[in-house]
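# Close look at the chain arrangement
The chain contents come next:
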Amino acid sequence: MAEEVKKIKVTIDNISIDVPMGTTILQAARMIGGDVVPPAMCYYTKLEGSGGKCRTCLVEVSKGSEADPRPMPKLVASCRTGVMDGMEVKNMTSPKVEDARNGVVEFLLLNHPLDCPICDQAGECHLQDLGYEHGKQGTRYEFKRRTFDKHDLGPYIQLHMTRCILCYRCVFTADQLTNKRVHGILSRGDHSEIATHIEKALDNDFIGNVIDVCPVGALTDKTFRFKNRVWFTKPVNAHRECKCCSGKVTLWQRGEEVLRVTARKDQWGEVEDWICNECRFKKKQSADWTIEGPTHVSRHSVISQGHYEGMKKPTETFSAVHEGRKPKLLMDIHSVSEVNDPSIDLSAIDGPATSATYNHSTKKS
Amino acid sequence: MASLTNRVKVLEQQPLSFMERLYLPAIFKGMAITFSHIFKKKATIRYPEEKRPFSPVFRGLQVLNRDEEGRENCTACGLCAVACPAEAITMEGAERQKNEEHLYREEKYAAKYEINMLRCIFCGLCEEACPKDAIYLSETFAPSNFTRKSFIYSKDELLIPHPINDKEGYDAARVSRVEKLKK
Ligand code: SF4
Ligand code: SF4
Ligand code: SF4
Ligand code: FES
């Protein structure tokens, strides 16, 4: 029998909402939406057991419940704390939370290399957003940042261990999506690192999804490595018939070239439908896909630069008023420029471009 | 003709006086002004033999910087291109290979880097955006030319000479600007 789910009332930053029993504070805040939602680096709705690792989602519970109105003594991780009837939560209205979150961000950045100029995640990195909102300008850390031996995860996935924040999302993904997990977190404390034991390639059909769940640039797509910055590529929604997954993806294009394929993400940056490796790594031609239209990009994201949804191109009036005469081009940029050379198909090469890729072109004399 | 507005002013023309009709006094007066300018300080200079000093904040032609070992600083991060209001900058990145460590400072580098000098408005936002100290606006301007295509500057034109292999060129090209800003 479908039992009536009991709704309970919770107030977050003075906004009240009725939510079903068993909801977490973070989920309740997401139901309200807007600025009251705490940031989350490790929690992932679709991954069971995720959350509780990074502490960025800390909130203050100023009233435990209707039955026991005492405040909770410490800040709690909202992604792992269930709501109680009459609970009152402070997120952005609490200076304690603000302060704690700044501290958490400082901790996350202690060993972080901050090589965003090289990092392929830049522009869609949750740690960048977090650092932008809560970070300090400088660092108080005086020691050498930790480094790791390079570890190869096979032909598809590039690991940069120094950027990892140990959120465990990729471990949960491999556990819950694939039948055999071959990577995990080895060692403890400062030495913890993502690795396989010993040197295995991650090649399960769905393992590519770890790239999408990684909140930072620790796991990135090798087939997209260094090919372009995300904000210069155009995201479009597309789909194809796929035997093993939903086939619903976002293509990141430069002109007609498909530089990268990712799963579609919702407003919290979480994957909507998992996609398989074939869709992600093998289908790099726009002919493989049925294109639906531009992906919605929040206008606060740098990716929205030059990205137009629902654009209507104005009709060319020149020929009409000049009795069919075409405008005279004074210079075709492609005859001079070496960038975006039509003879080099970046989407066709598996890894990053190297000097060998570009060596043959000598257009400009 | 009826005027369109009521603001029309009718000028009365007076006939020229005798002195004015002579013309010559006015001509001599004009000549005297012209002549007196010969002895005044010249406002012009003999460009290109002589050049005006640039202001320390002059923003001219971009240079792509190298570090003291001669490795290219630019990592093709695209921040200059996204900051550029004229969309003059384009680039393509590539991965540094094992034997190329002496050429590029970081793991990724700009294999191609172009600035369209026809578009550039020398605002200096690229310099401001660069996290790697890789691009500077120098105290020269792009030389004039007859063809449009010669204004697409690639790395050949933009890179500063190598500080070790071509020390003279490097010192000459190294604009005092960096030093000035340091002071
Ligand atoms: S993971 Fe994010 S913060 Fe770290 S280097 Fe990459 S873009 Fe920058
Ligand atoms: S000076 Fe301004 S217009 Fe010129 S390339 Fe730099 S950012 Fe673009
Ligand atoms: S010049 Fe600077 S800002 Fe521009 S791509 Fe290179 S490193 Fe980035
Ligand atoms: S999101 Fe709650 S602790 Fe990481």
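In this numbering scheme, every chain counts its residues from 1 along its sequence in written order. Chain A is the first chain written and ligand 1 is the first ligand written, with later ones labelled in order. Note on the predicted model: pLDDT of at least 70 is required for a residue's local features to be given, and 80 or more for side-chain atom pairs to be given and counted; whole-chain, interface and lining totals, by contrast, use all residues. Note that the side-chain values use all heavy atoms of the structure and ignore hydrogens as well as water.

## Focus on the overall build of chain B
The helix and strand inventory of chain B stands at seven helices and five strands. Since a compact globule built from 183 residues should have a radius of gyration of about 16 Å, the 28 Å found for chain B marks it as more spread out than a globular shape. Across the 183 residues in chain B, those meeting the buried criterion constitute 38%. Any two residues whose heavy atoms approach within 4.5 Å at even a single point are treated as in contact. Contacts in chain B between residues at least 24 apart in sequence constitute 71% of all its contacts with a sequence separation of at least 6. Calculation of accessible area relied on Shrake-Rupley with a 1.4 Å probe; when residues are assessed, cover is drawn exclusively from the protein chains displayed. Carbon and sulfur atoms make up 57% of the accessible area of chain B, which totals about 13,000 Å². Working convention for charge: Lys and Arg count positive, Asp and Glu count negative, and His plus the chain ends are omitted. Charge positions come from single atoms, namely NZ of Lys, CZ of Arg, CG of Asp or CD of Glu. Of the charged side chains in chain B, 29 are positive and 26 negative; the average position of the first set lies 10 Å away from that of the second. Secondary structure is summarised from DSSP: a helix means a run of H or I of at least four residues, a strand means a run of E of at least two, and numbering begins at the N terminus for each. The globule rule is 2.2 Å times the number of residues to the power 0.38, and the radius of gyration it is compared with is taken over C-alpha atoms. When accessible area is computed with a 1.4 Å probe and restricted to protein chains, residues below 20% of their type maximum are described as buried, those above 50% as exposed, and intermediate ones as partly exposed.

## Thoughts on the overall build of chain A
In terms of helices and strands, chain A carries eight helices and 13 strands. Reported as C-alpha extents along the three principal axes, the dimensions of chain A are approximately 80 × 55 × 50 Å. Put simply, chain A has 365 residues, and 50% of those count as buried. Taking as baseline every contact in chain A between residues at least 6 positions apart, the subset at least 24 positions apart corresponds to 64%. Distance between charge centres in chain A, computed from 50 positive and 48 negative side chains, equals 2 Å.

## Thoughts on the domain arrangement of chain A
Residue and element names in this part refer to chain A. Those domain boundaries reflect an automatic or database domain assignment. Each assigned domain of chain A is listed here: domain 1 (7-107), domain 2 (141-221) and domain 3 (227-340 + 347-365). Counting from both sides, the interface comprises eleven residues of domain 1 and, opposite them, twelve residues of domain 2. The term buried area means the drop in 1.4 Å probe accessible area that two parts suffer when joined, counted for both and summed. Carbon and sulfur atoms supply 64% of the area that domain 1 and domain 2 bury against each other, a total of about 880 Å² over both sides. Each salt bridge in this description consists of a side-chain nitrogen of Lys or Arg and a carboxyl oxygen of Asp or Glu lying within 4 Å of one another. Counting across the interface, domain 1 meets domain 2 through zero salt bridges.

## A short note on the interface of chain B and chain A
Counting residues at the interface gives 32 residues for chain B and 28 residues for chain A. In this assembly, chain B packs against chain A so that about 2,500 Å² is buried in total across both faces, 59% of it on carbon and sulfur atoms. Joining chain B to chain A, the criterion identifies four salt bridges. One salt bridge connects Glu92 of chain B with Arg254 of chain A, and the closest N-O pair in it is separated by 2.9 Å. Two N or O atoms count as a polar contact when they lie within 3.5 Å, although within protein this holds only if one can serve as hydrogen donor and the other as acceptor, and sequence-adjacent residues are included solely when both atoms are side-chain atoms. Here chain B is connected to chain A by twelve residue pairs in polar contact (both at pLDDT 80 or more). For the side of chain B that touches chain A, the secondary-structure elements that each account for two or more residues are α3 (79-83), β2 (89-95), β3 (108-116) and β5 (152-153) of chain B. Residue classes follow a fixed rule: Ala, Val, Leu, Ile, Met, Phe, Trp, Tyr, Cys and Pro count as nonpolar, while Asp, Glu, Lys and Arg count as charged, and any other residue, Gly among them, counts as polar. Class assignment for the residues of the side of chain B that touches chain A results in 13 nonpolar, seven polar and twelve charged.

## Quick look at the sheet that holds strand β1 (residues 7-12) of chain A
Residues and elements named next belong to chain A. Ordered by their spatial adjacency, five strands build an open sheet running β2-β1-β5-β3-β4, and the pairing between neighbours is mixed. The open sheet is flanked by β2 (15-20) and β4 (76-77), the only strands paired with a single partner. Here two bridges tie strand β3 (residues 58-63) to β4, and the two strands are oriented antiparallel to one another. Bridge pairing links Val59 to Val76 in β4. Relative to the sheet, helix α1 (residues 25-32) contacts β1, β2, β3, β4 and β5 (87-90), its axis offset from that of β2 by approximately 120 degrees. Geometry is summarised by axes, namely lines fitted to C-alpha atoms with helices restricted to the contacting stretch, and by angles between N-to-C directions that run from 0 to 180 degrees. Against the sheet, helix α2 (residues 95-110) contacts β3 and β5, and its axis sits at roughly 160 degrees relative to β3. Only strands joined by at least two bridges in the DSSP assignment are considered to pair.

## Re the pairing of strand β8 (residues 193-196) of chain A
All names here are of chain A. Residue alternation in β8 divides its side chains into two sets, Glu193 and Ala195 and Ile194 and Thr196, and both sets are buried. The pairing of strand β7 (residues 183-186) with β8 spans four bridges and is antiparallel. Its bridge partner being in β8, Gly184 is matched across the sheet by Ala195. Taking the residues that link successive antiparallel strands as the turn, the β7-β8 hairpin has six residues, and the phi of Ser187 there is positive, at about 65 degrees.

## Quick notes on the packing of aromatic side chains
Residue and element names in this part refer to chain B. Each pair of aromatic rings taken from Phe, Tyr and Trp, with Trp reduced to its six-membered ring, is defined by centres within 6.5 Å and is described as stacked if the planes are under 30 degrees apart, edge-to-face if over 60, and tilted in the remaining cases. In total, this model carries eight aromatic pairs over all chains according to the counting rule given. Residues Phe35 and Phe39 carry aromatic rings whose centres are separated by 5.6 Å and whose planes lie at 75 degrees to one another, so their mutual orientation is edge-to-face. In this structure, Phe35 and Phe39 share a single accessibility class: exposed. By the ring-pair criterion, three or more aromatic residues cluster together here, those being Phe54, Phe58 and Phe141.

## What about the site of ligand 2?
Only heavy atoms are used to decide nearness, and a residue is near a molecule or strand if one of them lies within 4 Å of it. In the vicinity of ligand 2 lie 13 residues, with Cys84, Cys120, Ile121, Cys123 and Cys126 of chain B positioned nearest. Partitioning the shell around ligand 2 into residue classes produces eleven nonpolar, two polar and no charged.

## Considering the site of ligand 1
Every residue near ligand 1 is listed here: His112, Asp115, Cys116, Cys119, Ala122, Cys125, Gln128, Arg163, Val216 and Gly217 of chain A. Considered class by class, the residues forming the shell around ligand 1 number five nonpolar, three polar and two charged.

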